[in-house]
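Structural overview
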Amino acid sequence: MMNFLTPSVGVVFLFLFLLVCIGYVGVPLWLWTLYVASVLVFYQAPFWGWIVFGILALVFNIPQIRRKLITAYLVKAIAALKLLPKISDTEQEAIEAGNAWVESEFFSGKPNFQRLLSEPYPQLSPDIKLFLDNQVEKVCQMATDWEIHSRKDLPPEVWDYLRQERFFGMMIPTEYGGLGFSNLAYSAVMTKLASRSFTHTATVGVTNSLGPAKLLLRYGTLAQKSHYLPRLAIGEEIPCFALTEPNAGSDAGSIVSNGIVFKGEDSKLYLRLNWEKRYITLATIATLMGLAFRLRDPDNLLGKGEDVGITCALIPTNTPGVIIDRRHDPMGVPFYNSPTVGKDVIVSIDQIIGGVDQAGQGWKMLMQSLAAGRGISFPATCTGIAKLVTRVTGAYARVRRQFGLNIGRFEGVEEPLARIGGLTYIMEAAKLYTVGAVDKGEQPAVVSAIAKYNFTELSRQIINDGMDIMGGAGICRGPRNLLANIYSATPIPITVEGANILTRTMIIFGQGVIRSHPYVYQEIAALNDTNVKAFDRIFWQHLGSIIRNFFRTVLLSLSRGYLTRSHVSGTTAKYYRKLAWASASFAFLTDLSLIAYGGTLKRQEKLTGRFADILSWMYLATATLRRFEAEGRNPEDIPLVDWSMQYAFAQIQKGFMGILDNMSVPLLGIVATWWRLNPIGRMPADKLGGKIARIMQTPGMQKDNLTKNIYIPTNTEEALGRLEQALMLSVAAESILKKIKTAIKEGKLPQDKPVMLIRNALEAEIISLDEVKLLTQAESARNDAVRVDSFTLKEYQGDSVTEISGSKTKICGTSLKKKTVKGKI
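The shown structure was predicted, so the numbers you read here are calculated from the model rather than taken from an experiment.

What about the overall build of the chain?
Counting secondary structure elements, the chain contains 35 helices and 13 strands. In summary, the chain has a C-alpha radius of gyration of 31 Å against a globular reference of 28 Å for 825 residues, a match within 12%. Considering the chain as a whole, with its 825 residues, one finds that 58% of them fall into the buried category. In the chain, once contacts between residues fewer than 6 apart in sequence are set aside, the share between residues at least 24 apart is 74%. For the chain, the exposed surface amounts to about 35900 Å²; the carbon and sulfur share of it is 56%.

Rendered as C-alpha cells:
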C-alpha cells in the first residue's frame, strides 16, 4: 500500500492547516516557528539549517532580542521613509475628539457580528410619540412650506409657538427649563419637521445641535449655565455660532478672527475681539453669538503663554462693535443666514465658554460637538425629506395616468421609485442605529462623518429621482408643489458642517484609518515618542493581522464568503458572509495602501474617497441588517432588505474596482480582473425593484412603516392631503375600472377609455350606481391632484407685501380659491 504521508504531502497538510489558522484566528510567532520546524523535520534539514533556524527563532520569539536587532532599525527606517502619516496638532485634536465605534470592526478585517447586532436600535417612548402627535403636529399645521417660502420667514405665530413649547430647548435639561430630550427624541422631531419644511429644521436645528447651548452644557461654568440655559430654553435668547470665515471654510482651523487679553482700568481682564464671519445661521436675529477666534495674551495675564489658541466665547449681539446688518440668500430658502463682523468688541474674560480654564480649548470643543452632532441632525432632516418624497412619488405614480396606465406601471418610473423606497429604508435604519450609539454615550466621529456625507448624498439622489417622476408638476412652484423647495435646498446640507467632498476624501477614511484602525494610531504614537518597546509590541501584531487578512481575503473570495459562519439563519445569512468578505478585503487593501503610499496616502484623495465609500456602505448595510432584526424579521420587509443589501454591495464592488484599477501596486491588475469575474455585488434585479415600487404605490401597513413619523395632513385642500385622498379613491376604483375593461374585451362595451364609458357600463348593468359615484369621485380627485399652480402676472410679480386673500388663481383651466397668505414676497 502506498504511503500517502510523504514529507511533501505532510508539508502540504501542515500548510493548509496553517492557512486556515491564518485566515480565521491569526497565527502567533510561536506557531510560525513550529511550522518551520516541522518543515525542517520532514525534509531532514542538515545541522547548519537547524543552526540558522535556531538563531532566527530566538531573534523573533524573544522580545528583548527582537527589539534590539530588528525593531529598532525598523523604527528608524519607517521614520526616515515617512511610511506612516504625520498628524498635525489640529488633526490630533480632531482625532481625539471622538471615539471609534463599530466602524473599527471593519478595519479589523474580521467583524464581530454579535457586537454589531447587540448595539441599540432604539424606539420612541409614548411621551415622545405624544409630543410628535401634538406639539410637532401643530407646528406643521400652522404653516405650509409654500406659505413660509412666500413670506420668506416663519409666520410670527409659529415663532411664538416654538418658543412657548420650548422647541429651542429640546436638548436642554429640565432643570434649566428645557425639555430634556434624548438624541432619539430630538431626531424624531427633526424628521417630522423636515417633512413639512426645510426652514423648520434649519431654524430649530441650530439652536439644539450646533450652538452655544450644546457647548455650555458640556463645558460651561455653573454661572454661565444658570444664566444662559433657561433663557435659551424658552427662546428669550436666540443663539447662533460663528465659525466660518472667508478664508477658513473646510479648513476651519485656519481662522484668523482674533481676541486679545488686556487689563481694564478696573483691573479686571477683558477681551478685545475682531472678526469677519459668514454663512452664520440665525445670526440676523440672534441675541447671543457663540464665537470661535484665536486668542492672544501678549502680557501672559492668563499664564498660558502669548499664543493661547482657538477659543470659544459668548458675545451678546447688542455689544458695541458687533455688526449684523446683512443677510445671505442660500438657494432662496427662507431661513436666517448672515455674515457678521466684529470691530473692537469688548467683553469680559468671563464670557469665554468654560471660563479661563477653557481658554485655548475651542478647537477641541468644536470637534467634540461636531463628532456626535453631525450624526443626528443631518440624518434626521434627510430621512424626513426621503420619507416625504417616498410618500409623494408613490401616490403620484399611482394617480397620474399616461397612455391609459398609471405611470407607476412603466418600468422607466419603477426604477427611480425603487431607488427612492430602498434608500429611504436604509436611511431610517442608519439614522436609528447611529442615534442609539450617541444616546448610549458614544462619540462616533467617523460614523458621524459617514452619516453626514451619505445621508445628504442619498437625499440628493432621492429628490432628483422624485423630480424626474413628478415631471412638470415638480418644476412649477406653488402651493401644490411639494418637492421644488426641497430640491432648491438640497445643496445646503451638502455644503455645511464640512463640505461633502472634504468629508468623503479626508475625514471618513483619512481620519478613520488613524482613529479606527486597530494598530495605526498606536504605531504613530510610539514612533513620535521613539518608544521602541511599544512599537515592537504593536507592529508584530499588525504584521500578523495583515497576513491573516490576506489569507482571509483569498479564502473568502474563492468561496464567495461561505468559508465564514453567519450569525443568523434565513434569507439574510448570505449578507453577513459577504460583509465578512468585504471587511477582510477592505482591511487588507487599507494596509497595502499604507505600505504603498505611506504618509502621502491622505493626499491620494481619489483613493481615500473610494475607501470611504466602501466603509460607508459596510456601515449602512450593517444598520439595515440591524433594523431587520430589531423589527422582528418581518417577512414582508424582505424585498426592502434584499434591495438595500444588493444595492449596498454593488456600491462596495464599485469602490473596490476603483481602488484596484488605480492603485499603483504590482499585480493588482490581475486581482482587478478576478474581482470583475467574481464580484461581491451587483445592482438589484429589475423584478426586485418592481416589488419596492409596488409597496410605495399601495396604501397599507408596509408603506406606512416606510414613511412613519412624518407629517401627513388630513386637510384635502393641502397638496399632500389632496394627493393621499386621490390615491385612496383611485385604488378603490380600480376594481370597477377592471370590470369595464373586461366588458370592452368581451364586446359588451365599445372600444374607448374606460372612464369615457361609465354611463354605458351603468346602462348595461356592468356596474352599479354606487360604483358610478365612486368612479366619479375618484376621477375628480385624480384630475384635481395632478393639476399644477399658475398665477396672474400681478400675483407672480407681486408687491413688497402681497395680499392673495380671496383672489382666484387659475390652475390649468379651473379656478381654485386660495386661502389667505399674508407676508413679504
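As for helix H16 (residues 377-399)
Counted at 1.5 Å a residue, the expected span for H16 with its 23 residues is 33 Å, and the 33 Å between its end C-alpha atoms agrees. In terms of burial, H16 is a largely internal element, 23 of the 23 residues being buried.

Digging into the pairing of strand S7 (residues 337-348)
As judged from the 9 bridges shared by strand S3 (residues 269-281) and S7, these two strands associate in the antiparallel manner. Residue pairing in the sheet places threonine 281 in a bridge with asparagine 337 of S7. In this sheet, S7 lies alongside strand S6 (residues 322-323) in antiparallel orientation, the contact comprising 2 bridges. Bridged to valine 322 within S7 is glycine 342.

Observations concerning helix H12 (residues 198-208)
Of all 11 residues in H12, 11 are buried; the element is thus mostly enclosed. Within H12, the full set of buried residues consists of Phe198, Thr199, His200, Thr201, Ala202, Thr203, Val204, Gly205, Val206, Thr207 and Asn208. Sitting at the head of H12, serine 197 places a side-chain oxygen 3.2 Å from the backbone nitrogen of threonine 199.

Details of the pattern of salt bridges
Here the structure, examined in full by the defined rule, presents 31 salt bridges. In the salt-bridge network here, residues are joined through shared partners; they are Glu105, Arg115, Glu119, Lys440 and Glu442.

Remarks on a nonpolar patch on the surface
Together, Phe550, Val554, Leu558, Trp674 and Leu677 make up a nonpolar patch on the protein surface, roughly 500 Å² of accessible area in all. Going through the elements one at a time, helix H25 (532-559) and helix H29 (668-677) are the ones with two or more residues in the nonpolar patch. With 3 residues, the top contributor of residues to the nonpolar patch is H25. Locating leucine 677 in the fold gives a position in helix H29.

Things to note about the packing of helix H17 (residues 411-439) against helix H18 (residues 445-470)
Remark: H17 packs on H18, axes separated minimally by 9 Å, with the N-to-C direction vectors making an angle of 155°. Accordingly, the angle class assigned to the pair H17 and H18 is roughly antiparallel. The crossing of H17 and H18 is left-handed. Residues Val413, Pro416, Leu417, Arg419, Ile420, Leu423, Thr424, Met427, Ala430, Lys431 and Thr434 of H17 lie in contact with H18, whose contacting residues are Val447, Phe455, Leu458, Ser459, Gln461, Ile462, Asp465, Gly466 and Ile469.

Brief notes about the packing of aromatic side chains
Throughout the structure, instances matching the rule amount to 26 aromatic pairs. For the pair phenylalanine 550 and phenylalanine 588, a centre-to-centre distance of 5.4 Å together with 50° between the ring planes defines the contact as tilted. Linking phenylalanine 550 in helix H25 with phenylalanine 588 in helix H26 (residues 573-597), this pair joins segments that are 38 residues apart in sequence. We classify phenylalanine 588 as buried; its relative accessible area is 17%. With centroids separated by 5.5 Å and ring planes inclined at 65°, the aromatic side chains of tryptophan 617 and tyrosine 647 adopt a geometry described as edge-to-face. Of this pair, tryptophan 617 sits in helix H27 (residues 605-630) while tyrosine 647 sits in helix H28 (residues 638-662); the two residues are 30 residues apart in sequence, bridging distant segments of the chain. As far as the burial class goes, tryptophan 617 and tyrosine 647 line up, both buried. In textbook terms, an aromatic cluster arises when at least three aromatic residues are bridged by ring pairs, as seen for Phe107, Phe509, Phe586 and Phe611. Above the ring of tyrosine 575, the side-chain terminus of lysine 574 is found at 4.7 Å from the ring centroid. One Lys or Arg, lysine 578, reaches over the ring of phenylalanine 649 and ends 5.6 Å from the middle of that ring.

Quick look at the environment of alanine 733
Topologically, alanine 733 is positioned in helix H32 (residues 719-745). With a relative accessible area of 2%, alanine 733 lands in the buried category. Spatially, the C-alpha atoms of alanine 733 and phenylalanine 551 are 60 Å apart, while their sequence positions differ by 182 residues. Residues contacting alanine 733, with those up to four places away along its chain left out, are Leu774, Leu775 and Ala778.

Notes on the side chain of glutamate 414
Topologically, glutamate 414 is positioned in helix H17. Of the residues examined, glutamate 414 reaches a relative accessible area of 14% and is grouped as buried.

Remarks on the packing of helix H11 (residues 183-194) against H17
The contact between H11 and H17 brings their axes to 9 Å, and the two run at 145°. Touching Asn183, Leu184, Ser187 and Thr191 of H11 are Lys431, Leu432, Val435, Val438 and Asp439, all from H17. Looking at the contact of H11 with H17, its residues break down into 4 nonpolar, 3 polar and 2 charged.

Here we look at the environment of lysine 753
Relative to the helices and strands, lysine 753 is located in the loop between H32 and helix H33 (758-763). For lysine 753, a relative accessible area of 57% gives the class exposed. Residues lysine 753 and isoleucine 740, spaced 13 residues apart in sequence, show a C-alpha to C-alpha distance of 9.3 Å.

Looking at the side chain of glutamate 442
Within the secondary structure, glutamate 442 sits in the loop between H17 and H18. Polar contacts involving the side chain of glutamate 442 include one to the side chain of asparagine 99, which spans 2.5 Å.

What to know about the environment of lysine 739
Its location among the elements puts lysine 739 in helix H32. Of the residues examined, lysine 739 reaches a relative accessible area of 38% and is grouped as partly exposed. Along the sequence, lysine 739 and methionine 331 sit 408 residues apart, while their C-alpha atoms lie 49 Å from each other. In contact with lysine 739, not counting residues within four places along its chain, are Ile766, Ile767 and Glu771. In terms of polar contacts, lysine 739 uses its side chain to reach the side chain of glutamate 771, at 2.8 Å.

Re the confidence of the model for the chain
Regions with low pLDDT should not have their predicted coordinates read in detail. In this model, the chain carries an average pLDDT of 89, and 92% of its residues clear a pLDDT of 70 or more. When pLDDT is averaged over each element of the chain, H27 comes out on top at 98 and strand S13 (residues 822-824) at the bottom at 32. Within the model, the stretch residues 1-5 combines pLDDT values under 50 with 2 contacts to residues more than four positions away or in other chains. Contacts from residues 799-825, a stretch scored under 50 in pLDDT, to residues over four places away or in other chains number 58 contacts.

Re the state of the cysteines
One covalent bond between the sulfur atoms of two cysteine residues makes up a disulfide. As enumerated under the stated definition, the model contains 0 disulfides in all. Residue cysteine 382 stays outside any disulfide, its sulfur separated by 17 Å from that of cysteine 140, the closest cysteine.

Some thoughts on unusual backbone geometry
Phi is positive for tyrosine 279, which is not a glycine, with a value near 65°. Here tyrosine 279 shows up in strand S3. In this model, asparagine 709 sits at a positive phi of 65°, which is unusual for a non-glycine residue. One can find asparagine 709 in the loop between helix H31 (701-706) and H32. Judged by its relative accessible area of 34%, asparagine 709 falls in the partly exposed class.

About the cut-offs
- Residues numbered from 1 in each chain as written.
- Predicted model: local features only at pLDDT ≥ 70, side-chain atom pairs only at ≥ 80, totals over all residues.
- Heavy atoms only, no water.
- Helix = DSSP H or I, 4+ residues; strand = E, 2+ residues; numbered from the N terminus.
- Rg over C-alpha atoms; globule rule 2.2 N^0.38 Å.
- Buried < 20%, exposed > 50% of the residue type's maximum accessible area, 1.4 Å probe, protein only.
- Contact = heavy atoms within 4.5 Å.
- Areas by Shrake-Rupley, 256 points an atom, 1.4 Å probe, with all protein chains shown as cover.
- Expected span 1.5 Å × (residues − 1).
- Pairing = 2+ DSSP bridges.
- Polar contact = N/O pair within 3.5 Å; in protein donor to acceptor, adjacent residues only side chain to side chain.
- Salt bridge = Lys/Arg side-chain N within 4 Å of Asp/Glu carboxyl O.
- Patch = residues over 30% accessible without salt bridge, like charges linked within 9 Å, V, L, I, M, F, W, Y side chains within 5 Å.
- Axes fitted to C-alpha atoms, helices over the stretch in contact; angles between N-to-C directions.
- Parallel < 35°, antiparallel > 145°, perpendicular 65-115°, else oblique.
- Left-handed = near helix turned anticlockwise from the far one by under 90°.
- Phe/Tyr/Trp six-rings, centres within 6.5 Å; stacked < 30°, edge-to-face > 60°.
- Lys NZ or Arg CZ within 6 Å of the ring centre and 35° of its normal.
- Nonpolar A, V, L, I, M, F, W, Y, C, P; charged D, E, K, R; others polar.
- pLDDT = per-residue confidence, 0-100.
- Disulfide = S-S within 2.5 Å.

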